[in-house]
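Tertiary structure, described
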Amino acid sequence: MIDSHVHLDDEAFDEDRDDLIKGLSENGIELVINNSSDLPSSERSVELANNYENIYAAIGVHPHDAITYDDDVEKRLIELSRDKKVVAIGEIGLDYHYDNSPRYVQRVVFKRQIELAVSLKKNIVIHSRDAAKDTFDILKEAHEKYDFKALIHCFSQSVEMMREYIKMGDYIALGGVVTFKNAKTPKEVAKEVPLDRLLLETDCPYMTPVPYRGKRNEPKFVKFTCQYIADLRQMEASEIEKITAENTKRFFGI
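For clarity, every value in this text was computed on a predicted model and none was experimentally measured.

**A word on the packing of aromatic side chains**
Scanning all chains against the criterion turns up 7 aromatic pairs. Their ring planes at 50° and their centres at 6.0 Å tell us that Phe221 and Phe224 sit as a pair that is tilted. Accessibility expressed as a relative area gives 7% for Phe221, which makes it buried. Looking at Phe224, the relative accessible area reads 23%, which means it is partly exposed. Taken together, the ring pairs connect Phe136, Phe155 and Tyr165 into an aromatic cluster. In this arrangement the basic side chain of Lys85 is found over the ring face of Tyr56, its NZ or CZ atom lying 4.7 Å from the centre. Here the basic side chain of Arg213 rests over the ring of Phe180, its NZ or CZ set 3.7 Å away from the ring centre.

**Observations concerning the side chain of Asp9**
By the secondary structure assignment, Asp9 is in the loop between strand S1 (2–6) and helix H1 (17–22). A polar atom in the side chain of Asp9 sits 3.1 Å from the side chain of Ser41.

**A short note on the pairing of strand S3 (residues 55–59)**
The element S3 is extensively covered by neighbouring structure, given that 5 of its 5 residues are classed as buried. By the alternation rule, side chains of S3 split into Ile55, Ala57 and Ile59 and Tyr56 and Ala58, which are all buried. Summarising the sheet, strand S2 (residues 31–34) and S3 pair through 3 bridges and their orientation is parallel. Among the inter-strand pairings, Val32 is bridged to a residue of S3, identified as Ile55. Running through helix H2 (residues 39–51), the crossover from S2 to the neighbouring parallel element S3 is right-handed. For S3 and strand S4 (residues 86–95), the ladder comprises 3 bridges, and the chain directions are parallel. Paired with Ala58 across the bridge in S4 is Ala88.

What counts, and at which threshold
- Here, residues in each chain are numbered from 1, in the same order as that chain's written sequence.
- Side-chain atom pairs in this predicted model are given and counted only at pLDDT of 80 or more, local residue features only at pLDDT of at least 70, and totals for whole chains, interfaces and linings cover all residues.
- To get the side-chain values, all heavy atoms of the structure are used, and hydrogens and water are removed first.
- Only rings of Phe, Tyr and Trp enter the pairing, Trp through its six-membered ring, and a pair is recorded when the two centres are within 6.5 Å. The plane angle decides the type: under 30 degrees is stacked, over 60 is edge-to-face, the rest tilted.
- Burial classification: accessible surface area is computed with a 1.4 Å probe over protein chains only, and a residue below 20% of its type maximum counts as buried, one above 50% as exposed, and the rest as partly exposed.
- Note on criteria: charge over ring means Lys NZ or Arg CZ within 6 Å of the ring centre, with the direction from the centre no more than 35 degrees off the ring normal.
- Numbering goes from the N terminus for both helices and strands, where a helix is a DSSP run of H or I of at least four residues and a strand is a run of E of at least two.
- N or O atoms closer than or at 3.5 Å make up a polar contact, with two conditions inside protein: a donor-capable atom paired with an acceptor-capable one, and, for residues adjacent in sequence, both atoms drawn from side chains.
- At least two bridges found by DSSP between two strands are what make those strands a pair.
- Looking down the strands as they point away from the viewer, one classifies a crossover as right-handed if the path from the first strand across the helix to the second runs clockwise.

Spelled out as structure tokens, the structure:
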């Protein structure tokens, strides 16, 4: 399996990071994509990717930290992007739930990082929370101007919205939320999303799937999401593993 979205640079892993990463293969994880939230996180992601063969990095500034984005940050991201283990710009997007950065700033920085990704010939990983319309509108406008693909991480929108993203050539990543008892919409999406556009993720250390909900999430727990989706679709988990791994490698160019 491949976990398409982790945060192994997070302080939650400070005590056992090396052991956890070295144990990925024995837990059935071929590789992971470490996503970033700001410039320091981007630098840590690249460092991790260079220290471990089974880690790749996505770099960028999360909407929470959009207010920190400036020319100097962008210049450094360009430098980091030259590393062969950097496979995407992410996670970027909009978050109107917490509004840690002003919404106008979030939109400006989101558009700017899309343009950065295009200039670097990288695909993008999207964070969108309580900002479905603005996220979609910005991506739709960008798709009309540029050649790129987006991965909507931790997808939480409707089946109808999922289909609109698919029409634009984008991909959908599903994680532990699918296993939550009351997560009706993610379950519907899991049943309906075209298999050639589906990726698996944990978003660890967050969003831990059942039966470990409430505990620290880890890449090895992606198997529970995989099995749950397989059951929803009346398929073998091994089929979902194979298909989503191929999709992940195709999207990130690995």
